[in-house]
Amino acid sequence: MSNVHQFTSKDLILEKACEWISAIDRGLSESEKEQFKLWMMQSTAHQDAVYELAQLWDELAVLNELSSLFPHKNAKPNKKRWAFSSAIAASLFAALMVCSYLLVNLENGYNAELAKINYTKIYKTKVGEQATYVLPDGTIVQLNTNSLLEVAYSKGRRQLLLSKGEGRFNVAKDASRPFSVMAGDKSFTALGTVFNVQRNTSSDLELVVTEGKVMITDPSVAVSANDFKDYQLADNNAKNVRNINANIVISGEKAVIEQSVTKPITQLSVNDVQRDLAWQNGMLIFNGEQLSDALHEVSRYTSTRFELSSAELANIKVAGVFKAGDVEGLLESLQTNFAIEHERLGEHLVSLVQQTKS
């Protein structure tokens, strides 16, 4: 049991270090800074974990914040970061994968011990906030803005409930325990997979799979590991494996559920995947969406709401890449590209009007 305790301690330190790095990246409040300082002062192991992950994160803002909080600690920024346009996204992924690798590849004795315990916890994000968490089995969960996720692990199942919002799930492989995310009136089950679930309403959902396979069923269906394996071998349209009606969505595919009905599964292009999952890098990508739909998406990340002056304005097609929550950047782009002027009617309400050509 002593070895198990040792691994548990390392696991907790690594998980907490990942949480702090993510928090520093989005910006610490004054109270969070004090909490972070206290945690760092508790142990040199805490400090080592944070600085090692900070180097992998490769985000200068993180290293600068650490330098300001601990000016006597030696942290050397990576000067090559500027040479690659995708460095932030790539280094973010690398840091998270290191967390996942270390957690998943613990000793067999520790994994066996994890399987015997219950684990329940609630994770949530505020409007405009995004956060990443590492679960006890090594699964990485990234929550989008205004999300609420309940996690319940037991000996035989890994069950999650997405009450609202959106999440990306990089599922640690465990053939004995299926991993299910319930959202609205659907359940999404995997064994070792990477997938994204967006809950718009209880009956309107979206699933994008980027690795492996995901089974869509009703939440009342308790899917076993054997059921999942049977469906992995079956045709995508197969029915009644153990009398379960289900759909299988594979890597590169998207499922849209409207009014509780699963629409035909669609194959996504690389650009489609990047657009749907751009939020994971803090960005929003539009490619011909109506302005009203684009503004609805923008509103998920801010308290600002938009009022359009006409149906013609609402139907304008827009395209571009925007930082999530950057309302000022969006308004400037609309003015430059479409001559759409704005007026603030209150702290959280913006009126949009397109100027007529003289």
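An account of the accompanying structure is given in this report.

The rules behind the values
Residues numbered from 1 in each chain as written. Predicted model: local features only at pLDDT ≥ 70, side-chain atom pairs only at ≥ 80, totals over all residues. Heavy atoms only, no water. Helix = DSSP H or I, 4+ residues; strand = E, 2+ residues; numbered from the N terminus. Buried < 20%, exposed > 50% of the residue type's maximum accessible area, 1.4 Å probe, protein only. Contact = heavy atoms within 4.5 Å. Salt bridge = Lys/Arg side-chain N within 4 Å of Asp/Glu carboxyl O. Phe/Tyr/Trp six-rings, centres within 6.5 Å; stacked < 30°, edge-to-face > 60°.

**Digging into the overall build of the protein**
Then, in step 1: When helices and strands are tallied, the protein shows 11 helices and 19 strands.
Then, in step 2: Within the span of the protein, comprising 358 residues, buried residues form 44% of the whole.
Then, in step 3: Here the analysis covers contacts within the protein between residues at least 6 apart in sequence; of these, 52% occur between residues at least 24 apart.

**Digging into the pattern of salt bridges**
Between side chains of opposite charge, pairing is possible as soon as their charged atoms come close.
Then, in step 1: Within the structure shown, the criterion is met by 11 salt bridges.
Then, in step 2: For Asp137, the salt bridge goes to Arg158, with nearest N and O atoms at 2.6 Å. Linking Asp137 in the loop between strand E2 (131–134) and strand E3 (140–143) with Arg158 in strand E5 (residues 158–170), this pair joins segments that are 21 residues apart in sequence.
Then, in step 3: A salt bridge links Arg275 to Asp272; the nearest nitrogen and oxygen atoms lie 3.0 Å apart. Of this pair, Arg275 and Asp272 both sit in helix H8 (residues 270–276), 3 residues apart, roughly one helical turn.
Then, in step 4: Since its relative accessible area comes to 23%, Arg275 is described here as partly exposed.
Then, in step 5: Overall, Asp272 belongs to the partly exposed group, its relative accessible area being 21%.
Then, in step 6: One network of salt bridges, with partners in common, ties together Glu166, Glu297 and Arg300.

**Let's talk about the packing of aromatic side chains**
Then, in step 1: Under the criterion given, the structure shown has 7 aromatic pairs.
Then, in step 2: Geometrically, the ring pair formed by Phe179 and Phe195 is edge-to-face, given 6.5 Å between the ring centres and 75° between the ring planes. Of this pair, Phe179 sits in strand E6 (residues 179–183) while Phe195 sits in strand E8 (residues 194–199), placing them 16 residues apart in sequence.
Then, in step 3: Assessed through its relative accessible area of 0%, Phe179 is described here as buried.
Then, in step 4: Seen in terms of ring centroids, Phe286 and Phe322 are 6.0 Å apart; in terms of plane orientation they differ by 45°. Their pairing is tilted. Note that Phe286 is positioned in strand E15 (residues 283–290) and Phe322 in strand E17 (residues 317–323), a separation of 36 residues in sequence. Like Phe286, the residue Phe322 is buried in the burial classification.
Then, in step 5: Grouping aromatic residues by their ring pairs yields a cluster made of Phe169, Phe179 and Phe195.

Geometric descriptors of this kind do not, in isolation, establish any biological role.
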